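So the chains spell out like this:
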Amino acid sequence: MTFKVQQEVFEGPLDLLLHLIKKNEVAITEISLAAITEQYLATLELMQTLNLNVAGEFLVMAATLIHIKSRTLLPPGDDGDDDAEEDSAGDLVQQLLEYQRFKEAARALESRELLRRDVFTREAAAEDREETVEFAAVSLFDLLSALRDVLARWPADTVHEVVLEKASVRDKMAFILDYLRRCGRAVFQSLFDEATSRLEVVVLFLAVLELVRIRALRVWQEVPTGPIELELAAAPFIPPEAPEETGMDRDGT
Amino acid sequence: MERERVKSILESLLFVAVEPISARRIEEVLDGVERKEIASILDELRNEYESGGRGIRLAEVAGGYQLRTASENADWVKKLHQLKPQRLSRATLETLAIVAYRQPITRAEIEKIRGVDVGAVLATLVERRLVRVVARKDVPGKPFLYGTTPEFLETFSLKDLSQLPTLKEAEQFAQSPPPEATPPSSEEKAEG
């Protein structure tokens, strides 16, 4: 694959771990860390396949997890374990718990009445046009999890066919925009209904990421584990139950 | 001065003020009116806006008083001004939360909590004027210490930093799966 979409990843290995912990509905403990190691590694591999800018921290964490997991597989009670090893797992659990607190705090902040999202002042109207604060509801890891589900439908490409794939990221971006213009809104998974190969799925996914990056696309999730929905961001803003009958014209966009 | 008259003047002051006006500034302007009376009139105004089904609210933010639109009218206000959403990513928001609760804090200290480079995210927060450099830490290298700005308080409808909800104890998360994320929704609001 020669395409390069350099997607900046601002989320780190701790975010991925907490995402997996939440997805698996387990508590933050050493044992659950060992249990989700494989999922962590699978996601990491997927990120590398997608040419995402995987930070070195992800690899360091992978090593830590493998180490933790290997310890849980060994018979207990052996004196070989030294205290330093004991600590690496305990430290990670503590770090995750601490980070979890801030994630919670971030959610609390987000649910407050936000200036220029929920409430406005006169000054905001005059000076800061085009600025309303909003938070992306879906994290990269939600998308990656959804992609893994989609990819699971296809067997691994064991045979290398030499077929010229017609799908470029650019084509797929156009396809998605066109699809959304027709449907308005789409469930993430439904984008892949007509894909014929893993490569096409991957290209489609990269197109989604790129559209999100250039802010042509909004990605939403009504409930944390629910379906991920896509819609055009460029669509004119129509508030729910807006008084359209006033006949006020809002052109000029 | 008669109470009704003071109330009328106060409302005019709040209407023209661009930034939140502090109680002290109001006292200066309304020279001779007792602080206690001003506070009680502000309360009265706030109640009138809230209970009268009006489109304006009197908020206490960033150490002052400010008139704001009622949150239930947000969609219409955005429509009038054709505001486009400008997003703060989850990573940005979490970094902001860390700065808010742990300020003053260095970049390295934030990265220790988040486990990933926060340079770009921090730059975004500084650019949005939600975070600023407040000092340099007295350790080798003299790294910048970051803290939140008055704009942060205004943006998140906080009177001051003490109004930040208390951080939950880590132990609360240890026993159960992490709470589920709530997508932004206009129904669920803190008291603001």
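Residues numbered from 1 in each chain as written. Chains lettered and ligands numbered in written order. Predicted model: local features only at pLDDT ≥ 70, side-chain atom pairs only at ≥ 80, totals over all residues.

Section: the overall build of chain B
Part 1: The helix and strand tally for chain B stands at nine helices and five strands.
Part 2: Traced from its N-terminal end to its C-terminal end, chain B shows the element sequence α-α-α-β-β-α-β-α-α-α-β-β-α-α.
Part 3: With 192 residues in all, chain B has 27% of them scored as buried. (Helix = DSSP H or I, 4+ residues; strand = E, 2+ residues; numbered from the N terminus. Buried ≥ 20, exposed ≤ 12 C-beta atoms within 10 Å, placed from the backbone.)

Considering helix H5 (residues 90-102) of chain B
Residues and elements named next belong to chain B.
Part 1: Helix length check: H5 (13 residues) gives 18 Å between terminal C-alpha atoms against 18 Å at 1.5 Å per residue, within 8%.
Part 2: Buried residues dominate H5, accounting for eleven of its 13 residues.
Part 3: Listed in full, the buried residues belonging to H5 are Arg 90, Ala 91, Thr 92, Leu 93, Glu 94, Thr 95, Leu 96, Ala 97, Ile 98, Val 99 and Ala 100. (Expected span 1.5 Å × (residues − 1).)

As for the nonpolar core
Part 1: Within the largest apolar cluster, 88 residues are counted, with the highest numbers of intra-cluster contacts made by Leu 17, Leu 96, Ala 207 and Val 208 of chain A together with Leu 96, Ala 97 and Val 99 of chain B.
Part 2: Among all residues touching Leu 17 of chain A, those that are not within four sequence positions of it are Tyr 40 and Leu 96 of chain A. (Core = buried A, V, L, I, M, F, W, Y, C linked by C-beta atoms within 7 Å. Contact = placed C-beta atoms within 7 Å.)

A few points about the packing of helix H1 (residues 13-23) of chain A against helix H3 (residues 37-49) of chain A
Residues and elements named next belong to chain A.
Part 1: At a minimum axis distance of 10 Å, the contact between H1 and H3 shows a crossing angle of 125°. Viewed along their axes, H1 and H3 adopt a mutual orientation that is oblique. Crossing geometry of H1 relative to H3 is assigned as right-handed. Taking contact as the criterion, the partners of Leu 16, Leu 17 and Leu 20 in H1 are, on H3, Gln 39, Tyr 40 and Thr 43.
Part 2: In terms of residue class, the contact of H1 with H3 is built from four nonpolar, two polar and no charged. (Axes fitted to C-alpha atoms, helices over the stretch in contact; angles between N-to-C directions. Parallel < 35°, antiparallel > 145°, perpendicular 65-115°, else oblique. Left-handed = near helix turned anticlockwise from the far one by under 90°. Nonpolar A, V, L, I, M, F, W, Y, C, P; charged D, E, K, R; others polar.)

Considering the confidence of the model for chain A
Residues and elements named next belong to chain A.
Part 1: Per-residue confidence for chain A gives a mean pLDDT of 76, with 72% of residues at or over 70.
Part 2: No element of chain A has a lower mean pLDDT than strand S1 (residues 132-135), which averages 51, and none a higher one than H1, which averages 92.
Part 3: Per-residue pLDDT stays below 50 along residues 1-5; that stretch engages in eight contacts with residues further than four places along the chain or on separate chains.
Part 4: Below a pLDDT of 50 lies the segment residues 124-132, which in the model reaches 19 contacts outside its immediate sequence neighbourhood of four places, other chains included. (pLDDT = per-residue confidence, 0-100.)

Quick look at unusual backbone geometry
Part 1: With an omega of -5°, the peptide bond running from Gln 103 of chain B to Pro 104 of chain B counts as cis.
Part 2: With respect to the helices and strands, Pro 104 of chain B occurs in the loop between H5 and helix H6 (107-114).
Part 3: Although it is not a glycine, Glu 25 of chain A adopts a positive phi angle of roughly 50°.
Part 4: With respect to the helices and strands, the residue Glu 25 of chain A is situated in the loop between H1 and helix H2 (30-35).
Part 5: Given 12 C-beta atoms within a 10 Å radius, Glu 25 of chain A is considered exposed.
Part 6: Positioned with a positive phi, Ala 62 of chain B is a non-glycine residue whose angle comes to about 45°.
Part 7: Relative to the assigned elements, Ala 62 of chain B resides in the loop between strand S1 (56-61) and strand S2 (64-69).
Part 8: Residue Ala 62 of chain B is classed as buried on the basis of its C-beta count, with 22 C-beta atoms lying within 10 Å.

What about the packing of H5 of chain B against helix H7 (residues 119-127) of chain B?
Residue and element names in this part refer to chain B.
Part 1: Orientation of H5 relative to H7, taken along the N-to-C sense of each, is 75°, at an axis distance of 9 Å. Taken together, H5 and H7 sit at an angle that is classed as roughly perpendicular. Packed against H5, whose contacting residues are Ala 91, Thr 92, Thr 95 and Leu 96, the element H7 presents Val 121, Leu 122, Thr 124 and Leu 125 at the interface.
Part 2: Class assignment for the residues of the contact of H5 with H7 results in five nonpolar, three polar and no charged.

Considering the sheet that holds strand S2 (residues 185-187) of chain A
Residue and element names in this part refer to chain A.
Part 1: In spatial order, the strands read S2-S4-S3; together these three strands make up an open sheet with antiparallel pairing. For this open sheet the edge positions go to S2 and strand S3 (217-221), each flanked by a neighbour on one side alone. Averaged over all neighbouring strand pairs, the angle between strand axes comes to 25°, with direction disregarded.
Part 2: Pairing analysis gives three bridges linking S2 to strand S4 (residues 228-232), with the strands arranged antiparallel. Counted as the bridge partner of Arg 185 is Glu 231 from S4. (Pairing = 2+ DSSP bridges.)

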